[in-house]
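Listed below are the residues making up each chain.
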Amino acid sequence: MAAASGVVTATAPPTYTERVGETDGDWSTSATSASNETNTTLVVRLSSPNPTGADSAAEAQETLVSHAAATQTSVHDYAEQHDGVAVVNSLWLTNAMLVEVDEPSDPTVVTADLTELPAVESVHPNYVYTVELETVTPMGRPSGVRTASGVNVTPGLAAIDAPTAWRESSTQGAGVRVAVLDTGVDATHPDISLHTTDASDPTYPGGWAEFNSIGVELEESTPHDPNGHGTHVSGTVAGSDESGTAIGVAPESTLLVGKVLNDDGSGTFFQIIAGMQWAVESDADVMSMSIGAIGHHPEFIRPVKSAESAGVVVVAAGGNFGPDQSISPGNVFESVSVGAVDDDGTVASFSSSERIETERVWDETAPSTWPETYTVPRVSAPGVDVQSSLPAGEYGEASGTSMATPHVSGTVALMLSAAERPLTPAEVRVILAETATTAEQNQTRAGDGIVNARAATARAASQPDANEPNDEPETATLVEGTPVQGIVSSSTDTDWFRVEANGSPVTVDFERVGGTGTLEASLVATGSAAWSLKHPTVAVESNESVSGTVTFPTGTTFVHVRSGTDGGTGGYELAVRPLDSETNRDEPNDAANEATPLTPGTPVESQIEPSRDVDFYRLDVGASDSVVADMAFSHDRGDLDLVLYDADGVPLDQSVSTSDSERVEYVSDTRQSLYVSVVGFEDSTGPYTLDVTVTSAESRTSDD
């Protein structure tokens, strides 16, 4: 059985695109340029913030998006000013832009110029990776192993004890979203259930995406997989048992698939990172990547770290090149890198492994938070003669760390589904390592051992509630803005939280994380026989959430969480924040030079404070772009107005009606920065939502 699977090899890039600011020499033997005879495409990578201090994964993602929008302006301006230079795509996950260079511009000159722009860290080609897929041996129906509980499963599932995890933890991955980034998927396979938001739409919206070489999603693409690699991997993650044998570790998980490789098995840097960004934007909990580039490639560090900051567990193949080698992104420290073992637990000879000395291998590109040394793979899983699905309703065997990786991705889905509180990617890595079964070989070959789905899922389900004891008002946990996570462990368990209110509006967010049945959250005000809310108690189902804006009376208010009438249990996340700290984090933005960057299509929630507060926002537009800004607010505390200015402070449009919404519009005659100002009429204050849409002339023409 061939084992050169799911990893990439290639030749050296053109000499005109020397890498700027990084020194990893391995790259020159692992990629080719995506340029053609008439133009050159360059990846421009800019600085990124460190979102690790964010209160939540959502806030970390917002930080990344806003920072990218604010720092990419200089590259847009350069392209606007130089003939033959155009920005064809941009990504926030790694804060990178794809620039196309054509005549009369010279790629060498453009590369040097771009390197000198503000916030630009490096420039390199849009490298092409060519995947050497494993040989797949077609077979009839999977042979299967019959477990003690009478369930037929593949040998791989039996080896990691997935059936016991299902039985003991009462989950098969429900409520967890797994994004497989690969060659595609055959969604018609009887064992594959690809997610979609519209069953009548053949493009499987919400569950399928295909990306071209410049990282643009193909709108009319329908699920397909000429290679079969992605279908095989997807089956191991979430396949069912239509054949009579269960092939998927987490068959009830929600399967998303991003096609980031072309039909010939090749894919560009921007293509792959665009798929990773799509997975994060699609609210994936797990990202499964059975692909990678041999060597140590700093370009993959930032997208992996950003995905983790957004709460996504990245599981990646360790490589099929034997000892003392590894592949990226699997060898990025935050990845859960996966090695391959056979069904008896012996490390496969092809499985890559490496003891990485961080400073020597990564040099200055390694984040300061990384340890001095670490091992790839982190864990191992069955990867020899793995049985799974193939296109056209077929089945087959294949070997490689590509096949081991989905066993771990599925295990992570079981863990997250069973957990009674949200687990961070770091916690997932620790649990996988601590519960792994010791392999026969040393740690460098097998990592921390062979993944044990039963033990890992049980450990995830038993993670303690850090707030206990808080079963009485006297021991209530104080909530001060940062979300807190709790667990209602039984029908008699109750959790109390305390809020010290000052009479100002607050937002209350309550989100269920796994579990069963309903949980009830109640608001209780001390010193008052009646609570001012019309509905002070809400019942929330598993994996659902509620949110609202309320005004607590001055003093101590309690939030009481308990089991619902159906005896529900499980984890939850509670956030009670003053409205200004929740929705006005953009301050100070009281002047144009402090303006908050706007991302078109991403609504902003903020508020006008007392004492004649003004909020400014900046928007970068191109020539002939049409701008529409809409603001919605409540008249409870007055009237808010909306004004659009140019960079010189000249009003371009304004809306000062007495309704609860305002709109300004403008068609730009040049590339420029515009400023949107929200201001309260006289002493008006209050929260608002601002949403800006920018439409290019080309889009308007095509719509007409």
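Preceding block: the structure.
Anyway, here's the lowdown on the structure attached to this text. Predicted model only: the values in this text are computed from it and were never measured.

Regarding the overall build of the protein chain
Moving on, step 1. What the protein chain contains, in helices and strands, is 15 helices and 41 strands.
Moving on, step 2. In the protein chain, buried positions account for 55% of the 704 residues.
Moving on, step 3. Sequence-distant contacts in the protein chain: of pairs separated by 6 or more residues, those separated by 24 or more amount to 76%.

As for the packing of aromatic side chains
Moving on, step 1. Tallying each qualifying case throughout the model produces 10 aromatic pairs.
Moving on, step 2. Residues tryptophan 370 and tyrosine 374 carry aromatic rings whose centres are separated by 5.9 Å and whose planes lie at 80° to one another, so their mutual orientation is edge-to-face.
Moving on, step 3. Put simply, the rings of Phe333, Trp362, Trp370 and Tyr374 touch in pairs and so form one group of aromatic residues.
Moving on, step 4. Between the NZ or CZ atom of arginine 378 and the centre of the ring of phenylalanine 333, over which it lies, the distance is 5.0 Å.

A short note on the environment of isoleucine 160
Moving on, step 1. Within the fold, isoleucine 160 resides in the loop between α4 (155-159) and α5 (162-169).
Moving on, step 2. A residue is classified by how much of its surface remains accessible, and isoleucine 160, at 0% relative accessible area, is buried.
Moving on, step 3. Taking the C-alpha atoms as reference points, isoleucine 160 and histidine 407, separated by 247 residues in sequence, lie 8.1 Å from one another.

So, the sheet that holds strand β23 (residues 394-398)
Moving on, step 1. An order of β7-β23-β22 is seen for the 3 strands of this open sheet, with the pairing classed as antiparallel. Each end of this open sheet is capped by a strand with a single partner; those strands are β7 (137-139) and β22 (386-390). The average undirected angle you get between the axes of adjacent strands in this sheet is 40°.
Moving on, step 2. Sheet analysis places β22 next to β23, joined by 5 bridges and oriented antiparallel. Across the sheet, serine 388 pairs through a bridge with glycine 396, a residue of β23.

Considerations on the environment of valine 538
Moving on, step 1. Within the secondary structure, valine 538 sits in strand β29 (residues 537-541).
Moving on, step 2. With a relative accessible area of 29%, valine 538 lands in the partly exposed category.

Let's talk about helix α8 (residues 301-309)
Moving on, step 1. Here α8 lies mainly inside the structure; 8 of its 9 residues are buried.
Moving on, step 2. Of the positions making up α8, those classed as buried are Ile301, Arg302, Pro303, Val304, Ser306, Ala307, Glu308 and Ser309.
Moving on, step 3. Remark: glycine 311 follows α8 within two positions and exhibits a positive phi of approximately 90°.

A few points about the nonpolar core
In a soluble, globular protein the nonpolar side chains are often hidden away together inside.
Moving on, step 1. In terms of nonpolar packing, the biggest core is built from 51 residues, with Val315, Val408, Val412, Val428 and Leu432 touching the most fellow members.
Moving on, step 2. The element contributing the most residues to this core is helix α10 (residues 401-418), with 8 residues.
Moving on, step 3. Beyond its immediate chain neighbours, meaning those up to four positions away, valine 428 contacts Val313, Val412, Met415, Leu416 and Leu423.
Moving on, step 4. With 49 residues, the next largest nonpolar core counts Val43, Tyr127, Phe211 and Tyr374 among its residues.

Observations concerning the pattern of salt bridges
Between side chains of opposite charge, pairing is possible as soon as their charged atoms come close.
Moving on, step 1. All told, the structure shown has 13 salt bridges when counted by the stated rule.
Moving on, step 2. Residues aspartate 77 and arginine 671 are paired through a salt bridge, measuring 3.5 Å at the closest nitrogen-oxygen approach. Here arginine 671 lies in the loop between β39 (661-667) and β40 (672-680) and aspartate 77 lies in helix α2 (residues 73-81), a separation of 594 residues in the sequence.
Moving on, step 3. A residue is classified by how much of its surface remains accessible, and arginine 671, at 21% relative accessible area, is partly exposed.
Moving on, step 4. Its salt-bridge partner being aspartate 161, residue arginine 454 comes within 3.7 Å of it at the nearest N-O pair. Of this pair, arginine 454 sits in helix α13 (residues 453-461) while aspartate 161 sits in the loop between α4 and α5, and the two are 293 residues apart along the sequence.
Moving on, step 5. Take arginine 454: its relative accessible area is 28%, and that puts it in the partly exposed class.
Moving on, step 6. The exposure class of aspartate 161 is partly exposed, given its relative accessible area of 25%.
Moving on, step 7. Among the charged side chains, a network of salt bridges with common partners joins Asp161, Glu168 and Arg454.

Reading the values: rules and limits
- Residues numbered from 1 in each chain as written.
- Predicted model: local features only at pLDDT ≥ 70, side-chain atom pairs only at ≥ 80, totals over all residues.
- Heavy atoms only, no water.
- Helix = DSSP H or I, 4+ residues; strand = E, 2+ residues; numbered from the N terminus.
- Buried < 20%, exposed > 50% of the residue type's maximum accessible area, 1.4 Å probe, protein only.
- Contact = heavy atoms within 4.5 Å.
- Phe/Tyr/Trp six-rings, centres within 6.5 Å; stacked < 30°, edge-to-face > 60°.
- Lys NZ or Arg CZ within 6 Å of the ring centre and 35° of its normal.
- Pairing = 2+ DSSP bridges.
- Axes fitted to C-alpha atoms, helices over the stretch in contact; angles between N-to-C directions.
- Core = buried A, V, L, I, M, F, W, Y, C linked by side-chain atoms within 4.5 Å.
- Salt bridge = Lys/Arg side-chain N within 4 Å of Asp/Glu carboxyl O.

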